[in-house]
Every structure is written in structure tokens, then in C-alpha cells.
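Structural features, examined
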Number of protein chains: 2
Amino acid sequence: MKTLINAAMKREKCDLVIKGAKVFNVFTGETEEGEIAVKKGKIVGIGKGYEAERAYNANGAYALPSFIDAHIHVESSMLSPEEFAALSVRHGTGVIIADPHEIVNVCGIAGAEYMKEAFSHIEIEGVNPLEVCLQLPSCVPASPFETSGAVLDGRETEWEVERDLFYGLGEFMNYPAVIGADREALQKIEAAVESNKIIDGHAPALSGDALNAYASAGIKTDHECVNAQDCLEKLKKGLYVQLRNGSSAHNIEENAKAMNAYNYRRFILCSDDRNAYDLKNHGEIDDALRRLVKTGVPAPWAIASATLNTAECYGLRNKGAIAPSYDADIALVEDLKEFRVLATFKRGVLVSEGEKALFSAERYISEEVKSTVKIKEVNADDFKLDLSGKARVMRVKPNGIMTEEEILEVESKSGDVVLPQGVCKLAVIERHFASGNMGKCLLSGYGLKDGALGISVAHDSHNLVIVGDDNKAMARVAELLERAGGGMAIVNGKFEKSFALDIAGLMSSAPYEEVIRKTEEITAHARGMGVEEGIEPFMSLVFLPLAVIPKLRLTDKGLVDVDKFEFVSSQIKE
Amino acid sequence: MKTLINAAMKREKCDLVIKGAKVFNVFTGETEEGEIAVKKGKIVGIGKGYEAERAYNANGAYALPSFIDAHIHVESSMLSPEEFAALSVRHGTGVIIADPHEIVNVCGIAGAEYMKEAFSHIEIEGVNPLEVCLQLPSCVPASPFETSGAVLDGRETEWEVERDLFYGLGEFMNYPAVIGADREALQKIEAAVESNKIIDGHAPALSGDALNAYASAGIKTDHECVNAQDCLEKLKKGLYVQLRNGSSAHNIEENAKAMNAYNYRRFILCSDDRNAYDLKNHGEIDDALRRLVKTGVPAPWAIASATLNTAECYGLRNKGAIAPSYDADIALVEDLKEFRVLATFKRGVLVSEGEKALFSAERYISEEVKSTVKIKEVNADDFKLDLSGKARVMRVKPNGIMTEEEILEVESKSGDVVLPQGVCKLAVIERHFASGNMGKCLLSGYGLKDGALGISVAHDSHNLVIVGDDNKAMARVAELLERAGGGMAIVNGKFEKSFALDIAGLMSSAPYEEVIRKTEEITAHARGMGVEEGIEPFMSLVFLPLAVIPKLRLTDKGLVDVDKFEFVSSQIKE
């Protein structure tokens, strides 16, 4: 501390001075010209006339506190932590609140330990370029409707949430259990409250008494708001509204309408699920800022939502501002409209510049996250679905992750449904214990013809999700996915393609350029097979087993009506 | 937690429902009609149709989160904690961040322990009506210029700040030590930072590099702002601005000019030093709100400054809002202009109504805080002050606590100065160890004639401060103060009056009505002896030894020039 004070008083040289920046002050919402003086990773002043070991010329760029992503599942990028960090940092992110929900559902706590270690070993000049606050996944499995690779019960959660490994308790998706005062759900929440750790929420369409009950449990955030009214009710009840800029789901534009000069402090920006392509080409929180400002929200409110508000929400005391005693986590951006990130500093170290992260790290991959896809052998006949008369069909819609229920008249032939025009089959195959569990249903609105494709990423238990109109092709997709240790695969009469996600069947150990290119290639193939516009061929599949989002979902155990919170049959009896 | 959720869902009866209130929501800044449902001391919902054990009809009053006083020295009320709580609560306060700086300067940590215990034993229906977060005094003594009753060095502070007894580290008044990177000052601050405890500040007239240095130490608040520019600089540097509504010092009106829709979240309201008369008749934070709104600040910003902002600043997670999971700490006020408090609830228990606290508590007084005034015998000759020619005179000004330096031509007669028109003598007598230390100087702008008065409250070491134009009367005042175990005393040719402050020489064990009446009586006597308008006869004296506020101060060791941070002589050599 002495050296900080001496540097502030100009009695000692600073380590770094950033000159020529327009410095945004998140406390006042104003911008001023001044040198940012940094010592031992801390900001010690904004002023003039500092001497320093190094000077960095910002050339008139805006200096913002580097961004805090309030909620992200890193696994959804399909990138290793090392590659994720490279992209995240070059888009101005300094801290992520990461919920390793996916990998923990596959590998248990060993998955979280892997994430922690993989992020921690990335280093540049003694600094960790991206700081990660891990949330303990609260719903493993996310629902009783599916088979996950691990189970974290109330007791284990009590124990884990106290560990230093975890910053807080991850999004409590099983809201019916909270509202129903389920013993085990409350055991988890109480443990987090007792450890004084923040609890993230997930409260789609909750309102009235149910939202009161959910908030009464001490849950503090929600990223599932769908419109201004929804936001305002959640705000009123004390939840921070996380504006989500995911690849599949985004709600910034609708929800920004709720934001005003008084309540802007209760909005925070997050990615939730974001793929590598979007991370590279559009960015992360920088992209969210751009979108938010485009809705007409003043830049100072938006920036606060990406920095100070999030730091306050999560109790990150020295983050989110460029001011003395704050960590020297700084993003230089071109303007306050497009927010193109020119350089990022972490604790006073330049960690990215231009389009490039200035660090690289060998992959760290623990044994527990390797070779995780284990299925019982399947063949074409296993994909038969004997339905006739009225059938319950899951309908997907463009640009969203909600599904609808559609009732169609179908016929059966040789013990298998004759697929109506525009309808495919959807299958979810258990892949952790090779149990042979398989759920099947009909899927409309997706549009695939003459083949099948599948993926081993499938929220939240990450069983294999396979869609197709050809039983043989579906079986072959399952086989390809198993061989690759997870990934994406596509099969039709003419070709087979697959791309391995060798870390837990969720993430690739390849460089991000390769992940993006291979994902694009395989996606282009899928698109060529008729997948509808507005439907991401693979990424829309990954939400189809997620039995916490209305209306219909399919798991390895069968079809679920989320509103009723029970299994339903595809066959409607008349 | 189960019972909270069940109550929220109306599956169980609530303990309390407050009906007919206009409920202010501090997150949205809006007011809505609705029933406030309370269970086990927590708010579980704002809605309709709750069943409850008790109903309370608010009759159209506004329901606000009860107020948080961000910084107060309870001792300045001269009331026992029990009597203070009764007044504080009836003015809508729910939590105080109390810095027992005064009593710790007299009695050491035993003083803080006494405060904690005295507040804790007050109870109504199993609830503590006023919650107290004690800050560990950081400056005992406040400066090296005076003799205090205790010394808390760096090492002891390291040890104490970790204790549960203390919520954080109290205002760091010795700002020169911080800026100078004094070893012991930094030892204290580092200990608080390591314990993750908040550090309050005190930064009068600090700006530029010095303020950068002060903020770099991790100090997070300041209540010494004097104008909008001062506020804005402190805000920018990450300090919360505490708007002060003390009895002697208040800065709301000037500083409110800095407040706007963007930065209002960084302002918080506090009392600092407030006497019993003001507490009873004008209130505490309710009065601050009234004053703040009168400046034109919108009520929602003002209320946030009294509630949510303060809770955020101090990390009081479930305080400062009326929303599910928040403590049911509620003040009902008549309107959002005068903020007259009609009733106060603490954790769902009605603790005051109308003009009356609904609890009373026996005095708790520990041995350590009794009989604390010990002086060496003094007589009239001890008050002689041999000055001639140019003399340095301390000048007090109406309505403020700053002093100025005035140079006057004086004559000496029989080894004692001949007091010019309008000039008195000021003496400060050490009273902890009967050492005989006595500081003396001339005082202008005060106005007392034909006698003397004195008090044992004197920031921050609480030695005896005596003012007069008559050596014999001054000696008699010292004698009266010693006999009473501290208090206030006044002497002239015609009468003698004294009022005992039997708790540490700072606070009275009498009921607040008596404290107010006796203080008024003795003050009226002082006023009758010529004390100038705008000068509080006793309460202005108590700041005169406080060698951290410019310009001149007098301690038991002599006259101090605060700007130069050194002792100076009353006699100016020519």
C-alpha cells in the first residue's frame, strides 16, 4: 500500500501510465482527459505528470473499466478455457462470472476443477488475463427428467458452496422446486446464504406470488426477462436484470425499454451462451454494449451495466471503475457507439491489442474431462417411433429457445411413423453410463431433409441429441459422436462429417479459428440439408432437452411438458 | 426459508401484513399500493390477499425502507445508547453505522464494548429495535497533538479490526498520515482491507494527488465535502459522498448541487454529530431527507440515499429496500416532502408509533465508563496567559466548525493578557490521567462575558474545554466538571450550574427529555452571558481541540496549526 500511495503522490515512479485517453468515469458518467497512473496492478490516479516505467499511448481512444460478463457458460463457446480467454480478453472482458453448469453435469465437480485450473494457468507477466469467478452449478441435474453424468445433491452442495473454488451459487433453474419449497433445493440455497455467497437466478415468466417466493429465497439475478413489464416486476422484487446477449437467446432490445435514469443501476450485461463465431466476430460484452446503445440507451448507463453495476451485484469491490484503489482492468475502445476494443489491460498489463490476445497457453486437460461419451450400441430400428392419429409434436421457432406444442395427425407404417412434410424425428440418447436410455419425439419447424445430424452438447445433461428423417442416418450419427468422444456429426446419403468436442464432449481443444471453421463447415452442410432460416442447425438443438424452458422438451427419458412439469406422451389417446 | 416461501405463496399465514400503504420501491423509484407481507422478520411479498396473525393499517402513509444513518457518533447526542435508540427509531432509523470514536478515546476498546452491549440489550418482542454496526475508531488519539484516554496503535488495530465486535474501520481522520504513507496508519488500513472491512474516510479539502493517494489506500467514504466541485472530485475517485446533517456541521444544501440522475447512487445520508434536541425535535435521517428534498432533489434519489445506497456502500445485503428477502425494516411516513415518521417496524415488529418508541430499557453501564474525569487541581493563576504585542488568536465563525487565525495586538498586565473587546480565553485541561497538562490561547468571535463555562466533551480526546474571561470562574468550572464526573458547567458572579455526563464524561444516563431540558437551561444561561448568535455555546467548543480540521485548534498540549500540522505559539515574535 505504501508504494501505491507514494506513486499517487509522485514520490515513486508508476509501473504504467496510459496517456492520451478519454477516461470514462463510471461514477459520474462523464469523460475527462487525463493520464491513468498504475502501480502494482492498481490505479493510483487520473491526472497529469506521472513518471512511469512504461507509457502507453491511447491515441484518443476511450478508456473504460474492462467489462464484467455477469453470467456465462464458457462451455457453450465450445472452446477450451485457453482459447475462450484469448477471444474474451480481446473484446475487452476482464472478469467473467462463469457457471460451469455444463461440464459439471457431465463430469461432476472435477469439471469445475478442470475449468478453474485451465483458466488459472493462463499467464502473462505474472497476471491472469481473464479473471474467473466460478459459480457452483445448483441444478445437477437440471431436472429430474433426464440422466446427467453427475448428481450434486443438497448435502454435496452444502459442502461445495463453502469451498474457495466457488464464488457463489449458479442460476437456480429449478424454480418449481424453489416455489414448491422442496427440501433439497432449499438446502442448497440456505447453504449459499449462510456462506454469504450470491445466488443467481433463472426465472422465465415468473411473476406475482411465485416471483415473490423465488425472490424470498434470496436469489438475486435473472436473465430470462422477455419484456419491459417482466423486467420491472423483477427489478421491483430486488433482482438484478441480466440483459442477455447470447448466440441463441438475446433479450437486450426488448428489455432495454425498461431501463431509465433511475433504475439503470440494476441492469447488468451477460452472454449466457455464446459461440466461438460470435465471440470472435461480434464480441462479448462489447457487442452487448453496442446493441444496448443502439436501442437508444445512453452510453453511460450501458457502460455502468457492463462494469460497476455488475461489480456491485457480485460484490467485486475493486472492480468496475477507473479510480484510485481499483484494479487496473481497462479496455480502450474506439468510441462509445460501436465499442470496438483496441486494447485491454489486466491489472496494468497489456493483455490484448488490436485483434490479438498477447498471450498463449498450452492446453491443460485433466483426465476426468477426456473420453466422456459412452453409449449402448444403437441401430436404425431403435429410432422407430410408432405413432398414429393425433400426435404431440415439439415445434421450434426461429430466433428463440422457447418451443411450442403442435398437434398433428400422423400415420404409422411398419411400426414407424410416416413423417409429415416438414417434420423430423428428434432423439436424445443417454451418453454417460451407456444405459441405453433413449427419448424420441417429432419435431416441426426445423426443416432437415434426407439425413440426420447430432451433437453431444445438449443442455443440461449433455446427452446426444440427434435429429433426422432417416433412422439409419440417425444411428450412424450416434456412432460417429461416440467415436469422436463427443462433438457434432452429420450424415446423409452422400457424405459424413464430424467435428470432435474432445473436452467432456462439450469443448474442443483446437484453436478457435479451427473451431469456428469446422463449425461453419458442418453448419453449412446442415443448412444445405434444408434447416430453416432463423434456426441454428446445431445450436438450436442443444436447448431441446432443457426441461426448464417451456413448453415441450425431450430428454433421454422422454417428452416433457415443462409447464405441467411432467412427462407426456407423443401419442395422444382419443 | 421454507416458511418464507410458503408465506409468499400464501400457503402459510404471514406474521404481519401492513395494509393501506403507498409502498415506495427503491429499485424503480416508484410507489405502488399493496399489502406488505412479513414472515419471520423478512418481507415475503408486496401484493394482495395475505392472511396474517396481525394486520397494521397504514392509513395511506408511505412505506419506505427504514433509514440507515451512514455515519454517526452516538456519543455526540450525549444520550445513553438506550435513550438514543428511542429517539432514533421514532425518526425512522433502522440501522446506524456508529463510530464510537469518542468513548474509545476516553475508555479504549472497553468503551466500544460498552456501546455494543448497551445497544444489544434493548429488546422488543425478541428484536433489537435499532441495529448498530460499530466501526473501529481508527484514530485514537486523533492526532499526536493531544492526550487521549487510550491509544490504539497499529498492532492493536490489526487485532481489533478482525473482531466481530467491529463492522469496519472508522473514519480515517489522520489524512496526513495516509498521504504521508505513515507506517502505523497503513498498518491499520491494511488490516481492514485484509479483513475485507470497509474503511470510512474524512478528507476535508483534499483534492488532486493527495486525494488520489487517500483513495488509493482503499478508503471509501467522505463526509467533509464543502461544495459540488469537491463532491464531484470525490465521487470520481470512487468515494461515496456522505451528506451530513449534523447539529453543528451540515453540508446537504451545498453538496446536493452535485447530485444528478446518474450519480445519485453514490450519495448517502449521515448525521455525524447530532444532539438530543435536534434528534428529538427535528429528527435524524428523516430530517436529512426533508432538507435534501427541499433543495429540489427528487424524493426517489433522496430516499435511495437514505436506504439502498447506504446498504450498498456498507455491504448490508438485505437492507435498504422493501422487497422479498429483505429485512422487514420499514418506516411509515406522512408524505415524501416533510417525511414525518408515523411508525417504524424492525424485522416486522412495530417499534415506534406516533411520537413514541414502544420499548424501554434499563440502563446498562459498565464499570469502565464510570467516573472517568481525573484532573490535577487547578486554581485561577493556572489560567494566566502572558502575551503582549502580536498574538495569534483562534477565531470561531457562526454555523461551521472551521476556525481562522486572527492576529491581534494585546497587552500584558501582571503576567496575564488584558483581553481585548470580544476576546476570551480558551483552556484545554487533560482529564484522563490527572497529568496537569493544560493548553491555553485566545479566542475571538465567541462572545462570552463575565464568567466561564466548560464541557468534558471535546473532540477527540475529550479533555476539559473551558472558555471564559475570568480566571477564577474558569478554575471553578474545572472543579465542577471534575466533581460531576464530566458534563457541562457554567459559572459567573451570580450563579453556578452544571449538568453531569456520567457515562465517560460524554453521555448522560438521564432520560432524553431531561438531557434536552438541562442542556437547554444551561445553554440559555450561556447565551445570557453574551455568546454570539450562530455559535452554539457548548457544542461549538467541543470541536475546538480537534486538530484535524483547519485552521487553529487547542489541545491540552498547546495551540496547533492544522495546515502546518505543528504546534504554534500564541505569542508572535517580532
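In what follows, the accompanying structure is described. Model, not experiment: these values are computed from the prediction.

Regarding its fold elements, chain A presents 16 helices and 29 strands. Relative to the 2.2 N^0.38 estimate, which gives 25 Å for 574 residues, the radius of gyration of chain A is 24 Å and therefore close to what a compact globule would have. In terms of overall dimensions, chain A has a C-alpha envelope of 85 × 50 × 45 Å along the principal axes. For chain A, with 574 residues in total, the buried portion stands at 66%. Pairs at least 24 residues apart make up 69% of the contacts formed inside chain A by residues separated by at least 6 positions. Looking at chain A as shown, the accessible area adds up to about 19000 Å², and 46% of this sits on carbon and sulfur atoms. Side chains of chain A give 65 positive and 87 negative charges; the mean places of these two sets differ by 3 Å.

The subject of this paragraph is the interface of chain B and chain A. Listed as interface residues are 66 residues of chain B and, on the opposing side, 66 residues of chain A. Looking at the side of chain B facing chain A, the largest losses of area belong to Met1, Tyr262 and Arg265 of chain B, adding up to 16% of the total buried there. Summed over the shared surface of chain B and chain A, the number is 8 salt bridges. Glu312 of chain A is paired through a salt bridge with Arg266 of chain B; the nearest N and O atoms lie 3.4 Å apart.

With that settled, consider the sheet that holds strand β29 (residues 566-568) of chain A. Residues and elements named next belong to chain A. Pairing within the open sheet is antiparallel, and its 3 strands lie in the order β27-β28-β29. Strand pairing shows two members of the sheet lacking a second neighbour, β27 (552-555) and β29, which therefore form its edges. On average, adjacent strands in this sheet sit at an angle of 45° to one another, irrespective of strand direction. Across 3 bridges, the pairing between strand β28 (residues 558-561) and β29 is antiparallel.

Moving on, we come to the sheet that holds strand β10 (residues 199-201) of chain B. Residue and element names in this part refer to chain B. What the 5 strands build is an open sheet, ordered β6-β7-β8-β9-β10; its pairing is parallel. Each having just a single partner strand, β6 (67-72) and β10 make up the two edges of the open sheet. Within this sheet the neighbouring strands show an average axis-to-axis angle of 25°, counted without direction. Pairing of β6 with strand β7 (residues 93-98) involves 4 bridges; the strand directions are parallel. Each residue of the ladder has a partner; that of Phe67, found in β7, is Thr93. Across the sheet, helix α7 (residues 183-194) lies against β9 (168-172) and β10, angled at about 145° from β9, the strand it touches most.

This part is about the pattern of salt bridges. Taken as a whole, this structure holds 88 salt bridges over all chains when the rule is applied. A salt bridge links Arg392 of chain A to Glu405 of chain A; its shortest N-O distance comes to 3.1 Å. Placement of the pair is Arg392 of chain A in strand β18 (residues 389-396) and Glu405 of chain A in strand β19 (residues 403-413), with a sequence separation of 13 residues. Looking at Arg392 of chain A, the relative accessible area reads 14%, which means it is buried. The partly exposed category is assigned to Glu405 of chain A, whose relative accessible area is 32%. For Glu521 of chain B, the salt bridge identified is with Arg517 of chain B, shortest N-O distance 3.7 Å. Here Arg517 of chain B and Glu521 of chain B lie together in helix α16 (residues 512-528), a separation of 4 residues that amounts to about one turn. Relative accessible area serves as the criterion here: at 37%, Glu521 of chain B is assigned to the partly exposed category.

Our focus in this paragraph is helix α8 (residues 208-216) of chain A. The α-helix winds at 3.6 residues per turn, so residues separated by three or four positions along the chain end up facing the same way. By the criterion of burial, α8 of chain A is predominantly enclosed, with 7 of the 9 residues buried. Listed in full, the buried residues belonging to α8 of chain A are Ala210, Leu211, Asn212, Ala213, Tyr214, Ala215 and Ser216 of chain A. Where the residues of α8 of chain A are buried, they touch β9 (168-172), α6 (175-179), β10 (199-201) and α9 (228-236) of chain A together with α1 (2-8) and β3 (42-47) of chain B.

The next subject is the packing of helix α5 (residues 154-161) of chain B against α7 of chain B. A pair of packed helices is captured by two measures, namely the crossing angle of their axes and the spacing between those axes. Residue and element names in this part refer to chain B. Their axes nearest at 8 Å, the elements α5 and α7 cross at an angle of 10°. Here α5 is positioned roughly parallel relative to α7, judged by the angle of their axes. In contact with Gly154, Arg155, Thr157, Glu158 and Val161 of α5, α7 contributes Glu184, Gln187, Lys188, Ala191 and Ala192. A breakdown of the residues in the contact of α5 with α7 according to their chemical character gives 3 nonpolar, 3 polar and 4 charged.

We now examine the pairing of strand β26 (residues 496-500) of chain A. Within a regular strand, the side chains alternate between the two sheet faces. In this sheet, β26 of chain A lies alongside strand β25 (residues 487-492) of chain A in antiparallel orientation, the contact comprising 5 bridges. Residue pairing for β26 of chain A: Met488 of chain A is matched across the bridge by Phe499 of chain A.

In this section: the relation of the copies chain B and chain A. Mapping between the two chain copies consists of a rotation about an axis together with a translation along that axis. Note on the copies: chain B fits chain A at an RMSD of 0.0 Å, the axial shift is 0.0 Å, and the rotation between them is 180°. The symmetry that links the two subunits is that of a two-fold axis. Relative to the rotation axis, the closest C-alpha in chain B is found at Ala261 of chain B, a distance of 2.9 Å. Of the residues that chain B buries at the interface, 100% are likewise interface residues in chain A, meaning the two copies contact each other through the same surface.

Attention now moves to the environment of Asp563 of chain A. Residues and elements named next belong to chain A. If you trace the backbone, Asp563 turns up in the loop between β28 and β29. Between the C-alpha atom of Asp563 and that of Lys376, which follows or precedes it by 187 residues, the distance is 31 Å. Ignoring anything within four residues of it in the chain, the contact list for Asp563 reads Pro550 and Lys551.

Residues and elements named next belong to chain B. In the contact formed by helix α12 (residues 285-294) and helix α13 (residues 299-306), the axes pass within 9 Å of each other and the chain directions differ by 150°. Between α12 and α13, the interaxial angle falls into the category roughly antiparallel. When you trace α12 past α13, the crossing you get is right-handed. Between α12 and α13, the residues in contact are Ile285, Leu289, Leu292 and Val293 and Ala299, Ala302, Ile303 and Ala306, respectively. Tallied by class, the residues present in the contact of α12 with α13 amount to 8 nonpolar, no polar and no charged.

Before going further, it helps to examine the pairing of β18 of chain A. Residue and element names in this part refer to chain A. In terms of burial, β18 is largely enclosed, as 6 of its 8 residues are buried. Across 8 bridges, β18 lies against β19 in antiparallel orientation. Bridge pairing links Arg392 to Ile407 in β19. Where β18 folds back onto β19 in an antiparallel hairpin, the turn is made up of 6 residues, including Asn399, whose phi is positive at roughly 55°. Pairing analysis gives 3 bridges linking β18 to strand β22 (residues 438-444), with the strands arranged parallel. Looking at the pairing, Val393 lines up with Leu442 of β22.

For the rest of this paragraph, the subject is the packing of aromatic side chains. Ring pairs (aromatic) are described by centroid distance and by the angle formed between their planes. Tallied over the entire structure, the rule returns 16 aromatic pairs over all chains. Plain terms: the ring middles of Tyr262 of chain A and Tyr264 of chain B are 4.9 Å apart, the flat faces sit at 10° to each other, and that makes the pair stacked. Taken together, the residues span two chains, with Tyr262 of chain A in the loop between α10 (252-256) and β13 (267-270) and Tyr264 of chain B in the loop between α10 (252-256) and β13 (267-270). Taking relative accessible area as the criterion, Tyr262 of chain A reaches 8% and is therefore assigned buried. Taking 6.3 Å as the distance between ring centres and 85° as the angle between the ring planes, the aromatic pair formed by Phe84 of chain B and Phe119 of chain B counts as edge-to-face. Of this pair, Phe84 of chain B sits in helix α2 (residues 81-90) while Phe119 of chain B sits in helix α4 (residues 109-120); the two residues are 35 residues apart in sequence, bridging distant segments of the chain. Site record: aromatic cluster; members linked through ring pairs are Phe145, Phe565 and Phe567 of chain A.

Next up on the list: the side chain of Thr403 of chain B. Residue and element names in this part refer to chain B. When you line up the elements, Thr403 lands in strand β19 (residues 403-413). For Thr403, a relative accessible area of 5% puts it in the buried group. Among the polar contacts listed, one links the side chain of Thr403 to the backbone oxygen of Leu552, at a separation of 2.7 Å.

Conventions and cut-offs
- In this numbering scheme, every chain counts its residues from 1 along its sequence in written order.
- In the order they appear in the text, chains get letters beginning with A and ligands get numbers beginning with 1.
- Two thresholds apply to this predicted model, a pLDDT of at least 70 for residue-level local features and 80 or more for giving and counting side-chain atom pairs, whereas whole-chain, interface and lining totals are computed over all residues.
- Neither water nor hydrogens contribute to the side-chain values; these are computed over all heavy atoms in the structure.
- Per the convention used, a helix needs a DSSP run of H or I reaching at least four residues, while a strand needs a run of E reaching at least two, with both numbered from the N terminus.
- A radius of gyration in this sense is built from C-alpha atoms; the matching globule rule multiplies 2.2 Å by the number of residues raised to 0.38.
- For the exposure calls, accessible area comes from a 1.4 Å probe over protein chains only, and a residue counts as buried if that area is under 20% of its type's maximum, exposed if over 50%, partly exposed in between.
- The contact criterion used is simple: two residues touch if any of their non-hydrogen atoms lie within 4.5 Å.
- In these tables, accessible area is a Shrake-Rupley quantity obtained with a 1.4 Å probe, and a residue counts as shielded only by the protein chains included in the view.
- The positive count covers Lys and Arg only, the negative count covers Asp and Glu only, and His and the chain ends enter neither.
- Taken as the charge centre is NZ of Lys, CZ of Arg, CG of Asp or CD of Glu, depending on the residue.
- Summed over both partners, buried area is the accessible surface (1.4 Å probe) that two parts give up on being assembled.
- Here, a salt bridge means any Lys or Arg side-chain nitrogen found within 4 Å of an Asp or Glu carboxyl oxygen.
- For two strands to pair, DSSP has to find at least two bridges joining them.
- Geometry is summarised by axes, namely lines fitted to C-alpha atoms with helices restricted to the contacting stretch, and by angles between N-to-C directions that run from 0 to 180 degrees.
- In this scheme, roughly parallel covers angles under 35 degrees and roughly antiparallel covers those over 145, while 65 to 115 is roughly perpendicular and the rest are oblique.
- In the scheme used here, Gly and all other residues not listed as nonpolar or charged are polar, with Ala, Val, Leu, Ile, Met, Phe, Trp, Tyr, Cys and Pro taken as nonpolar and Asp, Glu, Lys and Arg as charged.
- We superpose the copies by least squares over the C-alpha atoms of residues that have a pLDDT of at least 70 in both of them.
- Each crossing gets its handedness from the near helix: less than a right angle anticlockwise from the far helix is left-handed, clockwise is right-handed.
- Two aromatic rings from Phe, Tyr or Trp, using only the six-membered ring of Trp, form a pair when their centres are within 6.5 Å; if the ring planes differ by under 30 degrees the pair is stacked, by over 60 it is edge-to-face, and anything between is tilted.
- For the purposes of these results, a polar contact is taken to be a pair of N or O atoms within 3.5 Å, where, inside protein, one atom must be able to donate a hydrogen and its partner to accept one; residues adjacent in sequence count only when each atom of the pair is a side-chain atom.

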